[in-house]
Amino acid sequence: MFIKRGFQIAFSAFIVLLLLNQALNQHLENLIAILLLIPALMAGYSAITRLDFVKKPVFLLTVTILCIALNLLLLLYVALHFQINDVSDPLNVQIKATELLHGNQNWHSNFDGSQEYFYVYPNLVFFTVLISKVMAFAQSVGLSIQLALRLMNFFLLAMVTIFTLLTSWRLSKNIRAIALTAVTLLFYPVMYLYPNMVTYTDTWAISCTTVVFYLVAVGLTSQRRLVVVGANLAMIMVYALLYAIKPNMVILLPAVAVLIFMTFFLKMPERWRVVVIAFSLALGVITATVATKSIASSNGYSQSAQKKIALPATHWINMGLNPLGSSGKGAYDFNDESLDIERKLEKKTYLTTDSIKDRLQMLGLGGWFKLALDKSQTLLGTPLFGFGRYASGYAKAPGYYLHHQMMLTTFFAIIATTTVLLAGGRLLIKVWQPYGDQPITTAQRAFSYLVGIAAIGLTIFHTFIWEVEPRYFLPMIYPVVTLIGMVGGVQRLPALQIVRSKSNVNWTKLLVLPVTSILFLGLTLSSAKSVPGIAYGNMEYPIRLAILQPVKAPAELRFSLPVPETVNVLKVDIRPEPGQSVSLSTGQQLTPRNGHYVLEKRFVANQNVEVVIQRDETKARRPLMLYRQPTLYKQLFHGSSVTIDGKQYYLPYEMDIYDRKPFELLDVNNQPMLRYFARC
């Protein structure tokens, strides 16, 4: 009883932490909209589930099929119609993967090999090789690399949907549980956004984790020895792939070790099955460790150079203890990274260990706990788990989305948090009030223990020990969704019944609550319309490779910039200098502001804007900085290029959209323009 109660308390604390962080991370108007939506949805849910035909298996099966179809269609639509401007780590990986495709196995980064990104971060080498193989396969079957990478993300996320449903069915054999899982997957927007748009490790990690938990469910429930053996053999390979791509998912090993203790202490019949699962996971780690070194070496990666340059594990622990990190409390910090790279090269890594001790002493026990709570808000409280993290605008997106980015992002965040609060609240109740007349099986209990322990372990790891990012929790989201479906189906909970009976419907709650919540949600979304969004351009590519290069510019440079959608602001990211001016070809000058040049003017879609840079090098104090196209499967930059010393360079610029139609005026040429307001 102590073991069971201990798990219930720990898992409940995790769920409460998740729900509180999700709610408290929302703006006040969003939170009010969510708090109005929840009772409205509960009222509608209770009313619908009282209808006789809703309880029939045929209806539930139909709902499940429709939800799966819509989920897959939405994933495919986003994959084919949205293309972000990749930045940072994903862009580094794609550049190197393209170079590998062309036979360049020099892992020293940048145009002149002066940067050591992949030797500093060797954990990305295997994934880079994997992406290069996907590119090679695309070429062999006549697909464009761009389309292949988009379809790759679609198939990986389709696997998340399919294997989450298969896991729920394997554990419950309950069509109501499958229907609830399918509905949750459809309306929870996370998988449509960051994992679908960004080509990076997280999409693979989400997919592989879902498959691993499905194989765990098979290993726990199957009565056929051959199936159990096959599931564990497959688990070795899938977990090896997961560990090679996302090493922090090693957390599954201590989680299953704790599960072994629990199953033996509670004398559960699945205890030896859990031992076999633990053995399979351990073999997966060993397989990944051996295979990744061999694969890296065969692709020209130097293990000796890695030993000299790669950052030690203490680097991430040190960053995780930094309350003033450049990317947030306990998150990535540029200064920590630069300092630890120097320490590694100078063979003074003991200074990083000393820094850990100093920070722990400075924080004290209370400060360390407070920092962990702050980090939990980053890990668990970001509604869309990293959406926008690795993007700088869009190379391709529907026009309506571009003009209403902030409104739609607000809507997605509200729906995501509402889903988490509803589903998480239901799960929290079921932790203490499971099934009732349908007793939970020992296999279901063992699976629940493993998911709960892994989720708690991953949270503790990234809040108390390691550095943190919102995307780090993504792999555990969908196993938790499986639990939500498994423990409840669409059965009503007495505490949540809003409609009293078939004949006595509370129409006030059933009609007034939804109408009120929808009206307030509409007002909340309307208020987000005036927030600007980045539309197109070459501005803000935070990448570890120095693609922004100094050039010796002639007296005049001209760039032709496309305007795919109507925009209202043009920004040229060139530092203002004496003897330098930036203007349109019409002569209209861009104004120096906040370290770059800005022009607020309405530019109509489907035209080209010509920007002229005039520069007197004898007066300028700093060289002109322009983008240089690296080796990549796609054109990274927009607009025309200029050729200087035989090399092509592109203008750093950005075009923004302001959805402020009520404030438009006509200029002297009878063209729409933004009204200028007096500034303090």
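Everything numeric here is computed off the predicted structure, so don't read it as measured data.

What about the packing of helix 4 (residues 88-101) against helix 6 (residues 125-140)?
- Across the interface, helix 4 lies against helix 6 with an axial gap of 8 Å and an inter-helix angle of 55°. Here helix 4 is positioned oblique relative to helix 6, judged by the angle of their axes. Crossing geometry of helix 4 relative to helix 6 is assigned as right-handed. Of the residues in helix 6, those touching helix 4 at V93, Q94, K96, A97, T98, L100 and L101 are F127, T128, V129, I131, S132, M135, A136 and Q139.
- Its residues assigned to classes, the contact of helix 4 with helix 6 shows nine nonpolar, five polar and one charged.

Observations concerning the sheet that holds strand 5 (residues 556-563)
- Pairing within the open sheet is antiparallel, and its three strands lie in the order 5-10-7. Looking at strand neighbours, the two that pair on one side only are strand 5 and strand 7 (580-584), the edges of this open sheet. Neighbour to neighbour, the strand axes of the sheet diverge by 20° on average, direction disregarded.
- The sheet contact formed by strand 5 and strand 10 (residues 607-615) spans eight bridges and is antiparallel. When the bridges of strand 10 are listed, L557 appears paired with I613.

Details of a nonpolar patch on the surface
- Judged by side-chain polarity, L80, F137, V141, L143 and L147 come together as a nonpolar surface patch covering roughly 410 Å² of accessible area.
- On the basis of relative accessible area, L143 is assigned to the partly exposed category, the value being 33%.

Looking at the nonpolar core
- The biggest cluster of nonpolar side chains holds 185 residues, and the ones touching the most others in it are F473, Y478, L570, L626 and L651.
- If sequence neighbours within four positions are ignored, L570 has contacts with L561, L584, L590, Y597, V598, L599, F603, V609, V611, Y653, E654 and M655.

Points about helix 12 (residues 252-265)
- Helix length check: helix 12, at 14 residues, gives a terminal C-alpha distance of 20 Å against a target of 20 Å (1.5 Å per residue), a fit within 8%.
- When we look at burial in helix 12, the residues that qualify are L252, A255, V256, L259, M262 and T263. Seen along its axis, helix 12 keeps its buried residues to an arc of 115°; they face one direction.
- Here the buried face of helix 12 lies against helix 1 (2-24), helix 10 (201-221), helix 11 (225-245), helix 13 (271-298) and helix 20 (442-465).
- Residue K267 follows helix 12 closely and has a positive phi angle near 55°.

Section: the sheet that holds strand 11 (residues 624-628)
- A sheet is described by the order of its strands in space; here four strands give the open sequence 4-11-13-12, paired in antiparallel fashion. Each edge of the open sheet is held by one strand with a lone partner, namely strand 4 (548-551) and strand 12 (641-644). On average, each strand axis in the sheet is tilted by 55° relative to the strand beside it, whichever way the strands run.
- As defined by bridge partners, strand 11 adjoins strand 13 (residues 647-650) across two bridges and the pair is classed as antiparallel. Among the inter-strand pairings, R628 is bridged to a residue of strand 13, identified as Y649.

Considerations on the pattern of salt bridges
- Evaluation of the coordinates by the stated rule reveals 16 salt bridges.
- Of the charged contacts in the structure, one is a salt bridge between K370 and D374, with a shortest N-O distance of 2.9 Å. With K370 and D374 both in helix 17 (residues 350-381) and four residues apart, the pair spans about one turn of that helix.
- The exposure class assigned to K370 is partly exposed, which follows from its relative accessible area of 44%.
- Judged by relative accessible area, which is 17%, D374 ranks as buried.
- Between E556 and R558 there is a salt bridge, with its nearest N and O atoms 3.0 Å apart.
- Among the charged side chains, a network of salt bridges with common partners joins D202, K246, E469 and R471.

As for helix 15 (residues 313-320)
- Regarding helix 15, the residues found buried are H315, W316, N318, M319 and G320.
- On the buried face of helix 15, the contacting elements are helix 16 (334-345), helix 17 and helix 20.

A word on the pairing of strand 6 (residues 567-572)
- Burial runs high along strand 6: six of the six residues are buried.
- Here five bridges tie strand 6 to strand 9 (residues 596-603), and the two strands are oriented antiparallel to one another. Note on strand 9: the bridge partner recorded for V569 is E600.

Points about the environment of S222
- Tracing the sequence through the fold places S222 in the loop between helix 10 and helix 11.
- The sequence separation of S222 and L171 amounts to 51 residues, and the corresponding C-alpha distance is 10.0 Å.
- Each residue touching S222, except ones within four places of it in the same chain, is listed here: R170, V227, V228 and R273.

Considering the packing of helix 10 against helix 20
- One can describe the packing of helix 10 onto helix 20 by two numbers: an axis separation of 9 Å at closest approach and a directional angle of 150°. Between helix 10 and helix 20, the angle falls in the class roughly antiparallel. Regarding helix 10 and helix 20, the two cross each other, and that crossing is right-handed. Where helix 10 abuts helix 20, its residues F213, V216, A217, L220 and T221 lie against A443, A446, F447, L450, V451 and A454.
- A per-class count over the contact of helix 10 with helix 20 returns ten nonpolar, one polar and no charged.

Parameters at a glance
- Residues numbered from 1 in each chain as written.
- Predicted model: local features only at pLDDT ≥ 70, side-chain atom pairs only at ≥ 80, totals over all residues.
- Heavy atoms only, no water.
- Axes fitted to C-alpha atoms, helices over the stretch in contact; angles between N-to-C directions.
- Helix = DSSP H or I, 4+ residues; strand = E, 2+ residues; numbered from the N terminus.
- Parallel < 35°, antiparallel > 145°, perpendicular 65-115°, else oblique.
- Left-handed = near helix turned anticlockwise from the far one by under 90°.
- Contact = heavy atoms within 4.5 Å.
- Nonpolar A, V, L, I, M, F, W, Y, C, P; charged D, E, K, R; others polar.
- Pairing = 2+ DSSP bridges.
- Patch = residues over 30% accessible without salt bridge, like charges linked within 9 Å, V, L, I, M, F, W, Y side chains within 5 Å.
- Areas by Shrake-Rupley, 256 points an atom, 1.4 Å probe, with all protein chains shown as cover.
- Salt bridge = Lys/Arg side-chain N within 4 Å of Asp/Glu carboxyl O.
- Buried < 20%, exposed > 50% of the residue type's maximum accessible area, 1.4 Å probe, protein only.
- Core = buried A, V, L, I, M, F, W, Y, C linked by side-chain atoms within 4.5 Å.
- Expected span 1.5 Å × (residues − 1).
- Arc of directions from axis to C-beta.

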